[in-house]
Each structure stands twice: as C-alpha cells, then as structure tokens.
Amino acid sequence: MLEINYGKRLGFKKPMWTWVTDQAISLMQIELQLTFELGLADNEEMPMLLWFEDYLIGVRLYALREMLNALDLASKPRHLRRSERKNRQLPPPEPTNDMALLQARMEIIQGSFRMLLALQYIGLMNAPTEAVAKSIASRFAVRIQTMLSSYRLPHELTFADFLQSTAMAVTGQDQSDANLGLQRVVLNSIKSLNGTGFYLEQVGKRSKADARTRRDVQQMRRVILSNILVLRQLATGSIDQESTTACASLKYHPNLITVVLGKKTG
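The shown structure was predicted, so the numbers you read here are calculated from the model rather than taken from an experiment.

Analysis parameters
- Residues numbered from 1 in each chain as written.
- Predicted model: local features only at pLDDT ≥ 70, side-chain atom pairs only at ≥ 80, totals over all residues.
- Heavy atoms only, no water.
- Helix = DSSP H or I, 4+ residues; strand = E, 2+ residues; numbered from the N terminus.
- Expected span 1.5 Å × (residues − 1).
- Buried < 20%, exposed > 50% of the residue type's maximum accessible area, 1.4 Å probe, protein only.
- pLDDT = per-residue confidence, 0-100.
- Contact = heavy atoms within 4.5 Å.
- Salt bridge = Lys/Arg side-chain N within 4 Å of Asp/Glu carboxyl O.
- Polar contact = N/O pair within 3.5 Å; in protein donor to acceptor, adjacent residues only side chain to side chain.
- Axes fitted to C-alpha atoms, helices over the stretch in contact; angles between N-to-C directions.
- Parallel < 35°, antiparallel > 145°, perpendicular 65-115°, else oblique.
- Nonpolar A, V, L, I, M, F, W, Y, C, P; charged D, E, K, R; others polar.
- 1 Å grid on protein atoms, 1.4 Å probe; cavity = no way out; pocket = protein on both sides within 12 Å on 5 of 7 lines; lining within 4 Å.
- Points joined across faces, edges and corners; volume = space filled by probe spheres on them.

(A) Region of interest: helix α10 (residues 211–236). Given a rise of 1.5 Å per residue, 26 residues ought to cover 38 Å, and the 38 Å separating the end C-alpha atoms of α10 matches this to within 8%. What α10 keeps buried is the set T213, V217, Q219, M220, V223, I224, S226, N227, I228, V230, L231 and L234. At the C-terminal side of α10, G237 shows a positive phi close to 70°.

Okay, here's the thing in structure tokens:
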C-alpha cells in the first residue's frame, strides 16, 4: 500500500504505523476543528481543546518527519542510503507545505492556549467555576477520551495531565509573584505567535502553494496580528479591566481563535 501511495518502498521501521498515525490524527483534528466551527465549544473548555490539538499536532509532525525522511532516503542511491543510515550526518529534507502549516498552527494554538488562560486569570474572560470545572472533566471524557479510545496513541492522556499543563502555564517558576507569572504567560504567548512567521514564510516562498493554502496562510496572519495586539495591551497594562471584557471568536479563521475585546454592559 505504501509503495502504491508513495511510489517507493520505505526502508524504515513501522512505516504502516507512521502512515496510519498521520491519517488517524488528521481525522481527530477535523473533529476538533468542527467543534469550533459549529460553535459547540464553550469559552471555558476552549483551553482544553487547544491543549489536546497541540498534542495531536506534535505527534502528527513526528510521524510526518519520519515519513519524509524515509521518502528522501528511498530516492537516493543505495550506497548513500547505507552511509546515511550509518552516520546520519546529512541534513533532514525540507518540510512540505503541509508540515510548515501544521507547525505554524501548533505555534498559534500554543499562543492561544496561554492567552485564554491569562484572560481568565485576570477576569476578562470567565474562569471555570467549581461546577463548570466538574463539567469540563466530564466533557474531557466525552470529547477526548472517546477519540483516544478509537486509536492508540503514544501517550494515554488524562484530565489530570491537562490540569497539570494549565498550572504550569499559569504559574511555572514564578509562583511567589502572580504578576510575574502572568507577565511570563503573556510574553510566551507573543513568542509563540511570532514564531509562526518563519513557517508561513516557507509556505509563501513556494510556487506549489495552491489557492486554498495561500488563503489559509492569509487567515492565519490575521489571527496572529489581532491576538498579538491584544497581548501587547495586556503586557503594557493598557486595558481597563473594570470596563473591558474579552471573548473568543472565529473572526478571521474558521477554526482558529481570535480574541475580541469589548465593553462590559450593564
């Protein structure tokens, strides 16, 4: 099957597992993205869904790199393949457009995850109450563990893993000073969003990028710029927290979050 799909025999361990992993995770991503597009996710559970997609993209990128390295190796003469397997000194092949877009998406998701936590922490977005937190735990079982049960991934994620990641993102090493911790979360969010530029430029330089890919890149750039503007206002303390509220929207991208600031009513 792999030889039919890729035109070459892939000489590396577990080629079928790698291919199936990519296919399975892409389907999981589609299901998560539809959750956003259809408005099925509440603001309180968005960090959980972003955290899970971040994990999925990381696993998928690993599988795609394995596949890309195998394809690159299969295209070389036999003596070079033996040499590369022996010393692995040759540089890895250039990532494809799909991989660059996935990497950019992961950076955006990581930045959005931290951003939502920061907004909840300072009260611009509603933080989960005790009752809502219990509801989110049950939604984790319904949304995430149900998907994981259909395919065995390298790690068995639990709701405790999500809570631990959330705590580390908010507090980290600055538990003695909440303001320093919040500032670090905001700066890390900006760093993640700025990091997408490298990958999006890779896609933009290639003539093989189709109209859909170019549109996706353009939409991603709008999400990045809009969210960075909000984060910079948070970093400088120029947002009036008493009269301002924030909400997550799909203003610029069908399934990537853009934070919109507004005035409190009532």
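(B) Looking closely at the confidence of the model for the protein. Overall, the prediction assigns the protein a mean pLDDT of 80, with 78% of residues at 70 or greater. For the protein, per-element mean pLDDT is lowest for helix α1 (residues 2–6), which scores 46, and highest for α10, which scores 92. Within the model, pLDDT remains below 50 along residues 1–8, and this stretch shows 16 contacts once partners closer than five positions in the same chain are excluded.

(C) Looking closely at the pattern of salt bridges. Overall, the coordinates contain five salt bridges when judged by the stated rule. With its nearest N and O atoms 2.7 Å apart, the salt bridge here joins R60 to D22. Linking R60 in helix α3 (residues 46–74) with D22 in helix α2 (residues 15–37), this pair joins segments that are 38 residues apart in sequence. A single burial state applies to R60 and to D22, both of which are buried. Of the charged contacts in the structure, one is a salt bridge between D42 and R139, with a shortest N-O distance of 2.9 Å. With D42 in the loop between α2 and α3 and R139 in helix α6 (residues 130–150), this residue pair connects regions lying 97 residues apart in the sequence. Exposure remark for D42: the relative accessible area of 36% places this residue in the partly exposed category. Among the charged side chains, a salt-bridge network with shared partners connects D42, E45, R139 and R143.

(D) Representation of the side chain of Q103 in the model. Along the chain, the position of Q103 falls in helix α5 (residues 97–122). In this structure the side chain of Q103 is engaged in a polar contact, spanning 3.1 Å, whose partner is the side chain of R65. With sequence-adjacent residues up to four places away left out, Q103 is seen in contact with L61, R65 and Y199.

(E) Representation of the packing of α5 against helix α7 (residues 159–170) in the model. For the pair α5 and α7, the least separation of the axes is 10 Å and the interaxial angle reads 75°. Put simply, α5 runs roughly perpendicular to α7. In this structure, α5 contributes F113, L117 and Y121 to the contact, and α7 contributes F162, T166, A169 and V170. The residue inventory of the contact of α5 with α7, partitioned by class, reads six nonpolar, one polar and no charged.

(F) Region of interest: the layout of surface pockets. Here the largest pocket is characterised by a volume of approximately 930 Å³. Around the largest pocket sit 33 residues that line it, and R60, D98, L101, R212 and D216 are the ones nearest its centre. Broken down by secondary-structure element, the contributors of at least two residues to the lining of the largest pocket are α2, α3, α5 and α10. Ranked by the residues each element gives to the lining of the largest pocket, the list is headed by α2, at 10 residues. Of the residues contributing to the lining of the largest pocket, the split by class is 14 nonpolar, 10 polar and nine charged.

(G) Main features of α5. With 26 residues, α5 should reach 38 Å at 1.5 Å per residue; the first-to-last C-alpha distance of 38 Å fits that figure. Most of α5 sits inside the fold, with 22 of its 26 residues counted as buried. Of the residues flanking the end of α5, it is G123, one or two places downstream, whose phi is positive at about 90°.

(H) Just the environment of L231, in detail. Among the structural elements, L231 can be located in helix α10. The class of L231 is buried, set by a relative accessible area of 0%. Beyond its immediate sequence surroundings of up to four residues, L231 is in contact with M115, V186, S189, I190 and L193.

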